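Architecture at a glance
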Amino acid sequence: MAEKLVIIGAGMASGRMLEHLFEAEPGRYEVTLFGAEPRGNYNRIMLSPVLAGEKRYEDIVTHDADWYAANNVHCRFGQTVTKIDRQAKSVFADGVETPYDRLVIATGSAPFILPIPGKDLPGVRAFRDLDDVEAMVAVAGKPDAKAVVIGGGLLGLEAAAALRGRGMEVVVLHLAGHLMERQLDAAAGYLLRRELEGRGIKVHCKAQTKAILGTDRVEAVALDDGTIYPADLVVMAAGIRPETRLATDAGIEINRGIVVSDAMVTSDPDILALGECVEHKGAVYGLVAPLYDMAKVAAKTLTGAEAAFKPVQTATQLKVTGVSLYSAGDFAEADDREEIVLRDATAGVYKRVVLKDNRILGAVLYGDTADGSWFFDLLKRSTDIAPMRDTLIYGQSYGGGASADPLAAVAALPAEAEICGCNGVCKGTIANAITSKGLTSLDDVRAHTKASASCGSCTGLVEKLLMATLGDSYNPAAIQPMCPCTELGHDEVRRLIVAQELKSIPAVMQELGWKTSCGCAKCRPALNYYLVANWPGEYEDDGQSRFINERVHANIQKDGTYSVVPRMFGGLTTANELRAIADVADKFEVPTIKVTGGQRIDLLGIKKEDLPAVWADLNKAGMMSGAAYAKGLRTVKTCVGSDWCRFGTQDSTGLGVRIEKFMWGSWTPAKLKLAVSGCPRNCAEATCKDIGVICIDSGYEIHFGGAAGLDIKGTEVLCHAKTEDEAMEIIAALTQLYREQGRYLERIYKWAKRVGSDSIKANVVEDLAKRRQLFERFVYSQKFAQVDPWEERVNGRDAHEFAAMADFQMLQAAE
Amino acid sequence: MNDWVDIGCLEDVPRRGARCIKTPLGKIAVFRTADDKVFAIDDQCPHKGGPLSQGIVHGAQVTCPLHNWVFSLETGVAQGADEGAVRTYPLRLHQDRILIDAQSFAAATAA
Ligand SMILES: Cc1cc2nc3c(=O)[nH]c(=O)nc-3n(C[C@H](O)[C@H](O)[C@H](O)COP(=O)(O)OP(=O)(O)OC[C@H]3O[C@@H](n4cnc5c(N)ncnc54)[C@H](O)[C@@H]3O)c2cc1C
Ligand code: HEM
Ligand code: SF4
Ligand code: SF4
Ligand code: FES
């Protein structure tokens, strides 16, 4: 008599296993197949095209009624197994007991449902089976329906693209900083986001979902940051968990999944398990390729043959029509690894291959994935790629050995090939202009043909064309690159950030062809500043790209302690403030209290973990950060002026306080220090400041470009202002111009020398409309900049910065 | 022998950032890179003692906050023209928990 084989779960893994089993030993088992879904085995991964309306359910069925009949399978679909009785060797479903000789658990995964209020409201769906798809399609059919997808991984994005394709308004909420962070690096994540946004999908990264709102059914989703998105449908795609409940209850060994041996046998020798519900050698799998290998092994084990499952590398592709993306292996960075990066900004292509000892460890491809399987094959075989290393990144078709000479590539382009997309200039036009007009430089080409004169992303091509046409006589003007990660200089980068509306560091690195995947300590702070300065309110400051002082809002000292300098507007203080400072000094045993040259008080030697408590006390007395650490507005020094001084012509103290209250919080390319003196005796030393004001009877003389550090330089007079208001407007406009043009770490006097004071005066003094616009841009950016960073941190922001992660001192002492 | 001790979860350390753990030998800096690899090295720059945990993390390297020496997180060795190295400590990532080999710093105390 045939042995009784019972299978729990009619999914992808069990279906494949049965095929192998019936092929090897057709009549050996009498099979009973339980499935919680009211249908047989189908190709679950094709649910995405079904949701998108590109396929029908009938197209994705893998095993139909005829097949089950031919193989004598007792189908128990729509029946959930609720118990395994290992003593009696039977399973229970709908109260009916079914005995087994061998049992196979293939229960797959359960979607992870965020434990938040509202998760059980009608309209909240996972994306796991056909019922989910049908429910989503029903909502999508209503006019103006809105969907919120929680989770920007593979599943969530396939759902989002499909629902958007059906005309829904779609928002994707994602916890991490970029989409599909498990499979993609930040650069590819950026490209993917751009593509999805281009289709009208809103992507919200770093989103902490707080609650799902609604009374009878879902109405909206609320985030921790207060954002609320209306929703008729919420798709939970935040992850999956191996479905192990039956096994747990039956006392079978489980860890993350049901623990199986190489032969797919559980801790009970009569019970096998396979698919997403199992854990093998500590790994669980969520893609079908390894599950198919498991199916082969399990079928062999059931026939008594020997077989062992070997862990495999997996590769991922996103099944969204029109998006090509491929990721395989391990693409983390490490010292003994090298990376080869190829970016083609115009075509939206990004390729990165990670190597160790001339072998491929991982690959991420976006935009052009034709070579994905080739790279994956080299990876799996651990092929030594040394012989083709130079051309590897160009793909298999290059493998013939032709050298990847970029010049040759440009030379090979036909004359009608478009070089400059913005201005529609083709290669022939440029080459003709170069020879017929005798052009010799990039600027010449820009002037005569407009090529590369707009967004500039074709600059590299134009230069190569110059080289190819002129040969050795072409001598490109040497631009000092920002850092070894790029060939572009600071000015080019800034120009392109504006022209191409680049609004994140990964966007800049991708579009401008950065040579590293994550930048370096030179370019990251600079890019962060440029983005903060250009996109106030839109760009989200990247703390990890700031130097430590700006990250923790205090100055690091040589022994690793910090100094704390509260703001004293215009150098004024009060008895209360001084008392609070004295109390802080006592309470935290501050070793040194010093009066700074910036007319305020410095508390030195504060331990990092004490910073938030120190700030809390200073905040309570009404004081805020003095930004003594910032590439931004530091101090406005003043003298006592007409309030007290017998020579004073204007209220210099009042003006200084007003300027500082207006300008604090602003970020600038380098530090910015101001001073206001009440008369030309200049007690506030305004004529060696970045910006200085000398009060005179007829108003205010505004100075700029002083220095008193490594270099000493007196200021230059910018202009004369009649009123305080006019002086304020000029100072803000000047600062804004500097913010927009200054290179990172370039002080005002160096910037002025580079661009020329005439051009500064033209913008800030002579052209009143321009001055006004600069002023308004400054005012706008201050709306977002004037947040006291100390108060934010007293209230818990970046708490991880100030506490140790673990403390082993006590532990050891106790031993 | 290894003595793996749980020191916290991956999310406790910011990407491209670091946290410290305190040991009888002084602080050890635990780094997390952009792609979620973790490393542990002494939190003391061999140049003039700068706290490396406070530096900017790029790739699998950190730049010291005091005078910009660059160290490999993997080997602890200074990069470029600078010469020096910091001690590294074995770390393990088990699911999302970070484990450190407590033997590695205990042994050094005994020695
Ligand atoms: C929308 C979507 C897209 C995907 N795209 C891809 C892709 O592109 N590439 C890729 O490799 N993978 C993809 N996957 C993952 C892939 O589908 C799974 O890895 C695979 O289906 C897992 O197979 P399985 O047999 O382990 O589990 P499943 O196929 O989930 O089968 C398990 C079955 O067991 C049933 N069951 C559970 N408990 C019980 C019980 N107590 N009693 C009876 N029945 C029970 C379940 O209802 C289910 O039908 C995708 C998944 C989804 C949902
Ligand atoms: C490259 C050059 C410079 C470096 C590296 C530098 C560094 C520093 C540092 C580290 C501090 C903070 C001290 C603390 O922690 O409290 C500081 C404060 C200060 N520096 Fe400099 N400095 C430079 C140039 C200058 C120049 C040119 C001036 C004056 C013209 C100056 C005037 C001050 C003043 C007044 C303070 C007090 C802080 C305040 O009140 O905001 N520094 N400087
Ligand atoms: S600058 Fe003039 S007004 Fe100010 S304190 Fe000196 S003398 Fe008095
Ligand atoms: S002058 Fe400035 S940088 Fe130099 S030791 Fe003094 S505080 Fe430090
Ligand atoms: S202390 Fe680290 S570089 Fe000087």
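Look a little higher up for the structure.
All residue numbers refer to positions counted from 1 along the written sequence of the respective chain. Note on labels: chains are lettered from A, ligands numbered from 1, in written order. The predicted origin of the model limits local features to residues at a pLDDT of at least 70 and limits the giving and counting of side-chain atom pairs to 80 or more, whereas totals for whole chains, interfaces and linings rest on all residues. Excluding hydrogens and water, the side-chain values take into account all heavy atoms of the structure.

On to the overall build of chain B. Helix numbers and strand numbers start at the N terminus; a helix is a DSSP run of H or I with at least 4 residues, a strand a run of E with at least 2. Across its full length, chain B carries one helix and 10 strands. Here the term buried applies to any residue with accessible area under 20% of the maximum for its type, exposed to any over 50%, and partly exposed to those in between, with areas from a 1.4 Å probe on protein chains only. Classification of the 111 residues of chain B by burial places 50% in the buried group. Whether two residues touch is decided by their heavy atoms; if any such pair falls within 4.5 Å, the residues are in contact. Pairs at least 24 residues apart make up 38% of the contacts formed inside chain B by residues separated by at least 6 positions. Under the convention used here, a 1.4 Å probe and the Shrake-Rupley method define accessible areas, while residue burial counts only the protein chains that appear. Counting only carbon and sulfur atoms, one obtains 47% of the accessible surface of chain B, whose full area is about 4,600 Å².

A word on the site of ligand 2. Residue and element names in this part refer to chain A. In the neighbourhood of ligand 2, 14 residues make up the surrounding shell, with Q557, S563, T596, R600 and D602 lying closest. In protein, a polar contact means a hydrogen-donor-capable atom and an acceptor-capable atom, both N or O and within 3.5 Å, with residues adjacent in sequence counting only if both atoms are side-chain atoms; elsewhere, any N or O pair within 3.5 Å suffices. Separating an oxygen atom of ligand 2 from a side-chain N or O atom of Q557 is a distance of 2.6 Å. Between ligand 2 and T596, the relevant distance is 2.8 Å, taken from an oxygen atom to a side-chain nitrogen or oxygen of the residue. Tallied by class, residues from the shell around ligand 2 come to two nonpolar, eight polar and four charged. Any residue with a non-hydrogen atom lying within 4 Å of a molecule or strand is treated as near it. Each residue gets one label: Ala, Val, Leu, Ile, Met, Phe, Trp, Tyr, Cys and Pro are nonpolar, Asp, Glu, Lys and Arg are charged, and the others, such as Gly, are polar.

Another aspect to go through is the interface of chain A and chain B. Tallying the contact residues gives 41 residues for chain A and 45 residues for chain B. Across the chain A/chain B interface, buried area totals approximately 3,300 Å², and carbon plus sulfur atoms make up 56% of it. Considering only the surface of chain A that becomes buried against chain B, D335(A), M805(A) and F808(A) emerge as the three largest contributors, covering 24% of it. In the sections that follow, a salt bridge refers to a side-chain nitrogen of Lys or Arg positioned within 4 Å of a carboxyl oxygen of Asp or Glu. Applying the counting rule to chain A against chain B returns two salt bridges. In this structure, the salt-bridge partner of R16(B) is D542(A), at a minimum N-O distance of 2.8 Å. Our count for the contact surface shared by chain A and chain B stands at 12 residue pairs in polar contact (both at pLDDT 80 or more). Those elements that provide at least two residues to the side of chain A that touches chain B are α17 (523-534), α18 (548-552), β39 (806-807) and α28 (809-814) of chain A. For the side of chain A that touches chain B, a count of residues per class yields 17 nonpolar, nine polar and 15 charged. Pairing between two strands is assigned when DSSP locates at least 2 bridges connecting them. Pairing of β39(A) with strand β2 (residues 17-23) of chain B, which is carried by two bridges, proceeds in the parallel orientation. Paired with A806(A) across the bridge in β2(B) is I21(B). Put simply, buried area is the surface a 1.4 Å probe can reach on two separate parts but cannot reach once they are joined, added for both.

Another aspect to go through is the sheet that holds strand β5 (residues 56-58) of chain B. All names here are of chain B. Spatially, β5-β6-β7 is the arrangement adopted by the three strands of the open sheet, whose pairing is antiparallel. Strands at the two margins of the open sheet, each flanked by one partner only, are β5 and β7 (70-72). Recorded for the sheet is a direction-independent mean angle of 25 degrees between the axes of neighbouring strands. Where strand β6 (residues 61-63) and β7 come together, three bridges link them in antiparallel fashion. By the bridge assignment for β7, Q61 is matched with S72. Only the contacting stretch of a helix is used when fitting its axis, a line to C-alpha atoms as for every element, and angles between N-to-C directions run 0 to 180 degrees.

Let us look at the site of ligand 1. Residues and elements named next belong to chain A. Taken together, 30 residues lie around ligand 1, and A13, E37, R128, E276 and K319 are the ones closest in. The contact in question runs from a nitrogen atom of ligand 1 to an N or O atom on the backbone of V81, over 3.0 Å. Within the complex, the protein chains bury 91% of what would otherwise be the 990 Å² of accessible surface of ligand 1. Only α1 (12-24), α6 (154-165) and α9 (288-302) provide two or more residues apiece to the shell around ligand 1. Taken together, the residues of the shell around ligand 1 sort by class into 14 nonpolar, 10 polar and six charged.

Next up on the list: the packing of helix α13 (residues 442-449) of chain A against helix α14 (residues 459-470) of chain A. Residue and element names in this part refer to chain A. Across the interface, α13 lies against α14 with an axial gap of 10 Å and an inter-helix angle of 105 degrees. Taken together, the axes of α13 and α14 lie roughly perpendicular to each other. Packed against α13, whose contacting residues are L442, V445 and R446, the element α14 presents T459, V462, E463 and L466 at the interface. A per-class count over the contact of α13 with α14 returns four nonpolar, one polar and two charged. Oblique is the label for any angle not covered by the other classes, which are roughly parallel (under 35 degrees), roughly antiparallel (over 145) and roughly perpendicular (65 to 115).

This next bit is on α9(A). Residues and elements named next belong to chain A. What a helix is expected to span follows from its residue count: subtract one and scale by 1.5 Å. An ideal rise of 1.5 Å per residue puts 21 Å on 15 residues; α9 measures up with 21 Å between its terminal C-alpha atoms. Against the buried residues of α9 lie β1 (3-8), α1, β2 (29-35), β7 (102-105), β19 (271-273) and β20 (278-279). Following α9 by one or two positions, G304 adopts a phi angle in the positive range, close to 85 degrees.

Further remarks concern the side chain of S53(B). For S53(B), the position within the fold is in the loop between β4 (38-42) and β5. Of the polar contacts made by the side chain of S53(B), one reaches the side chain of Q54(B); its length is 2.8 Å. Excluding residues that lie within four positions of it along the chain, S53(B) makes contacts with R551(A), A18(B), C20(B), A29(B), F31(B) and D43(B).

With that settled, consider the pattern of salt bridges. A side chain with one charge can pair with a side chain of the opposite charge if their charged atoms come near. Tallied over the full model, the rule gives 57 salt bridges over all chains. Across the pair R658(A) and D725(A) runs a salt bridge whose closest N-O atoms are separated by 2.6 Å. Of this pair, R658(A) sits in helix α22 (residues 652-663) while D725(A) sits in helix α23 (residues 724-741), and the two are 67 residues apart along the sequence. Taking the relative accessible area as the measure of exposure, R658(A) reaches 34% and is therefore partly exposed. In this structure, R32(B) engages E11(B) in a salt bridge whose closest nitrogen and oxygen atoms are separated by 3.5 Å. Within this pair, whereas R32(B) is found in strand β3 (residues 26-32), its partner E11(B) is found in the loop between β1 (4-9) and β2, the two being separated by 21 residues in sequence.

All names here are of chain A. Judged by nonpolar contacts, the single largest core of 99 residues is most densely connected at L163, M168, L192, V493, V508, W514 and V564. Here V493 is in contact with M482, L488, V508, L512, W514 and L527, once residues within four sequence places are set aside. Here, nonpolar core means buried Ala, Val, Leu, Ile, Met, Phe, Trp, Tyr and Cys residues that are tied together by side-chain atoms lying within 4.5 Å of each other. In terms of nonpolar packing, the next biggest core, distinct from the first, is built from 48 residues, I7, A10, Y68 and V73 among them.

The next thing to look at is the side chain of D43(B). Residue and element names in this part refer to chain B. Following the sequence through the fold, D43 ends up in the loop between β4 and β5. Within the buried core, D43 has no salt-bridge partner, and the shortest N-O distance to an opposite charge, that of K27, equals 5.2 Å. A polar contact is formed between the side chain of D43 and the backbone nitrogen of L52, at a distance of 2.9 Å. Polar side-chain contacts of D43 include one of 2.7 Å to the backbone nitrogen of S53. If we ignore the near neighbours within four places in the chain, the residues touching D43 are C20, K27, I28, A29, G50, P51, L52 and S53. The positive count covers Lys and Arg only, the negative count covers Asp and Glu only, and His and the chain ends enter neither.

Quick look at the packing of aromatic side chains now. Residue and element names in this part refer to chain A. Paired rings are identified among Phe, Tyr and Trp, the last through its six-membered ring, by centres lying within 6.5 Å, and are further divided according to the angle between planes into stacked (under 30 degrees), edge-to-face (over 60) and tilted (the rest). Counting across every chain of the model gives 15 aromatic pairs over all chains. Relative to W790, the ring of W615 lies with its centre 5.5 Å away and its plane at 10 degrees, an arrangement referred to as stacked. Pair noted here: W615 is in helix α20 (residues 611-620) and W790 is in helix α27 (residues 789-794), with a separation of 175 residues, a long-range link. On the basis of an interplanar angle of 35 degrees and a centroid distance of 6.0 Å, the ring pair of F662 and F775 is categorised as tilted. With F662 in helix α22 and F775 in helix α26 (residues 768-785), the pair connects residues that are 113 residues apart, well separated along the chain.

Residue and element names in this part refer to chain A. With five of six residues buried, strand β33 (residues 672-677) is to be regarded as a mostly interior element. As paired elements, strand β32 (residues 633-638) and β33 share four bridges and run parallel to each other. Looking at β33, one finds that L633 is bridged to L672. With four bridges connecting them, β33 and strand β34 (residues 691-696) associate as parallel partners. Each residue of the ladder has a partner; that of A675, found in β34, is G692.

Here we take up the pairing of strand β35 (residues 699-704) of chain A. Within a regular beta strand, the side chains point alternately toward one face of the sheet and then the other, so they alternate between its two faces. Residues and elements named next belong to chain A. Extensive coverage of β35 is indicated by the burial of five of its six residues. Counting the residues that bridge the hairpin from β34 to β35 gives two residues. Bridging between β35 and strand β38 (residues 716-721) involves five bridges; their strand directions are antiparallel. Note on β38: the bridge partner recorded for I702 is C719.

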